[in-house]
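# Report on the structure
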Amino acid sequence: MPFLLHNGPILTGAGFQDDFAVVVDDARIAAVGPLAAIRETFPEAAGLDLNGDRLVPGYIDTQVNGGGGVLFNDAPTVETIARIGAAHRRFGTTGFLPTLISDDLSVIDRAIDAVEQAMSDGVPGVLGIHIEGPFLNVARKGIHDPAKFRVLNREAVRLLTRMKTGRTLITLAPEMTTPDMIAALVEGGAVVAAGHSDADYPTIRSALDAGVTGFTHLFNAMSPLKSRAPGVVGAALENTSAWCGIIVDGHHVDPVVLKLALRCRPADRFMLVTDAMPSVNAEGDHFYLQGRRISVRDGACLDERGVLAGSDLDMAAAVRNACDMLGLALPDAVMMASSAPAAFLGLDRDRGRIAPGYAADLVRLDQDLNAAETWIDGRALPSV
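What counts, and where the lines are drawn
Residues numbered from 1 in each chain as written. Predicted model: local features only at pLDDT ≥ 70, side-chain atom pairs only at ≥ 80, totals over all residues. Heavy atoms only, no water. Salt bridge = Lys/Arg side-chain N within 4 Å of Asp/Glu carboxyl O. Helix = DSSP H or I, 4+ residues; strand = E, 2+ residues; numbered from the N terminus. Buried < 20%, exposed > 50% of the residue type's maximum accessible area, 1.4 Å probe, protein only. Lys, Arg positive; Asp, Glu negative; His and termini not counted. Polar contact = N/O pair within 3.5 Å; in protein donor to acceptor, adjacent residues only side chain to side chain. Contact = heavy atoms within 4.5 Å. Pairing = 2+ DSSP bridges. Axes fitted to C-alpha atoms, helices over the stretch in contact; angles between N-to-C directions. 1 Å grid on protein atoms, 1.4 Å probe; cavity = no way out; pocket = protein on both sides within 12 Å on 5 of 7 lines; lining within 4 Å. Points joined across faces, edges and corners; volume = space filled by probe spheres on them. Core = buried A, V, L, I, M, F, W, Y, C linked by side-chain atoms within 4.5 Å. Phe/Tyr/Trp six-rings, centres within 6.5 Å; stacked < 30°, edge-to-face > 60°.

### Digging into the pattern of salt bridges
By the definition in use, this model includes 15 salt bridges. R351 is the partner of D350 in a salt bridge, and the nearest nitrogen-oxygen pair spans 3.3 Å. The residue R364 makes a salt bridge to E373 at a minimum N-O spacing of 3.3 Å. Look at the salt bridges and you will find they share partners, linking R28, D350, R351, D361 and D377 into a network.

### Examining the side chain of D314
Residue placement: D314 occurs in the loop between β21 (308-311) and α9 (315-324). For the buried residue D314, which engages in no salt bridge, the nearest side chain bearing the opposite charge is R320, 4.8 Å off. In this structure the side chain of D314 is engaged in a polar contact, spanning 3.1 Å, whose partner is the backbone nitrogen of A316. Ignoring sequence-local partners within four residues, the contact set of D314 consists of F91, T274 and V280.

### What to know about the sheet that holds strand β14 (residues 191-194)
The 8 strands are arranged β8-β11-β12-β13-β14-β15-β16-β17 in an open sheet whose pairing can be described as parallel. Strands at the two margins of the open sheet, each flanked by one partner only, are β8 (59-64) and β17 (270-272). By the bridge criterion, 2 bridges tie strand β15 (residues 214-215) to strand β16 (residues 243-246) in an arrangement that is parallel. Bridge assignment links G214 to a residue of β16, and that residue is W243. Sheet contacts for helix α3 (residues 105-121): β11 (93-101) and β12 (128-132); angle to β12, the most-contacted strand, approximately 160°.

### Here we look at helix α10 (residues 330-337)
Most of α10 sits inside the fold, with 6 of its 8 residues counted as buried. Among the residues making up α10, those that are buried are L330, A333, V334, M335, M336 and A337.

### Topic: the environment of M163
Summarising the element assignment, M163 is placed in the loop between α4 (154-160) and β13 (167-172). Linking M163 and G128, residues 35 residues apart in sequence, is a C-alpha distance of 8.7 Å. Beyond its immediate stretch of four places on either side in the chain, M163 contacts I112, V115, E116, G128, I129 and T168.

### Topic: empty space enclosed by the protein
In this structure the tally under the stated criterion is 1 cavity of 30 Å³ or more. In terms of lining residues, the largest cavity is bounded by T62, Q63, H130, L169, A193, F215, T216, H217, G245, M271, V273 and F344.

### Overview of the nonpolar core
Considering soluble globular proteins, one finds that nonpolar side chains tend to be buried as a cluster. With 101 residues, the main nonpolar core has I81, L152, L185, F215, L218 and L272 as its most contacted residues. Counting residues per element, this core draws most heavily on α3, which supplies 8 residues. The contacts of L152, once residues within four sequence positions are left out, are F135, V157, L160, L172, T177, M181 and L185. One finds L5, V24, L55 and W375 within the second-largest nonpolar core, a separate group that totals 15 residues.

### Observations regarding the packing of aromatic side chains
Under the counting rule described, the total for this entry stands at 1 aromatic pair. Summarising the aromatic geometry, the rings of W243 and F344 are spaced 5.9 Å apart at their centres and angled 55° between planes, so their arrangement reads as tilted. You can see W243 sitting in strand β16 and its partner F344 sitting in helix α11 (residues 339-344), a full 101 residues away along the chain. Residue W243 shares its accessibility class with F344, and that shared class is buried.

### Thoughts on the environment of S279
The topology assignment puts S279 in the loop between β17 and β18 (286-289). For S279, a relative accessible area of 12% translates into the label buried. The spatial distance from the C-alpha of S279 to the C-alpha of D19 is 39 Å, given a sequence separation of 260 residues. Beyond its immediate sequence surroundings of up to four residues, S279 is in contact with F287, V296, C301, S311 and D312. Polar contacts involving the side chain of S279 include one to the side chain of D312, which spans 2.7 Å.

Here is the structure:
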């Protein structure tokens, strides 16, 4: 039976609309418009009162290493993916890419199998996979294990592009490969982002020409902007078409730096990401990453040397932080969490908006911008 969401501001392409309603029929949004007209057109739809809460598009997180006490690298299985997805649903994440940090090709192979099976099984929210490494630069390794790094070759390209369902996002350091290899990944259907890179400006320009369309966690683990060396950051800020993932947790990047970045390029080419670790929606003050103890302190995940190891961030908090730390209006913050990542993944005709025909991926935000209720493909699902 279709149902009707009403009595709360609804975020459409024209901003928040009062006295509007959304009709959900099966997994899709059937209609959006003034409440009176919607009721007349869909008299059979059961009403669901939002009680003044806002309704926004579901959040899409392209970088989710873990959650609910589990890490994708530790066990690249359907069960792990389902647990991560359930852990993040309570924070408004309706679509995500389980993210595998640098590991052996055999682990990547198993991870791809697991994501394909998860999508076939209908695990809620899974949109594909993010393979972050191992084709990275040791000079910008961050928390990644350099012992896992390797050169991108044709065999690896075949592996990375073999998944035919969902989206495959690959983060690599362009200087560690060639434009031809990047083009081969893109031709194979992959979305390619630059990250963990010490490349100079010309190298990044060549990579963009070859098909790179994103930058993984802007400012973190990449060559910085200098007066005579623009580096990865300078190339990213100059570019106006690629998408930049940003981690707005107050630990990865100073808010002032992010404010400056937002003045340099279109707002809809930024997307909020969490880079979340197992600590999200889990108890305990530590976890282990490839044998290293990672402590969770004041919202930051740190190894014994004080190196950031992903984050303890969720998408609801990322949206709140974008408003509070960066001064963004809520519609803009939500856009960076929904329609921008959808466009980056090439899913913007299906997800990321509240509009007729789109997937019914929705979040009900309370007055504190917490996710009070979440729907994925029209289904309200429990979170853990």
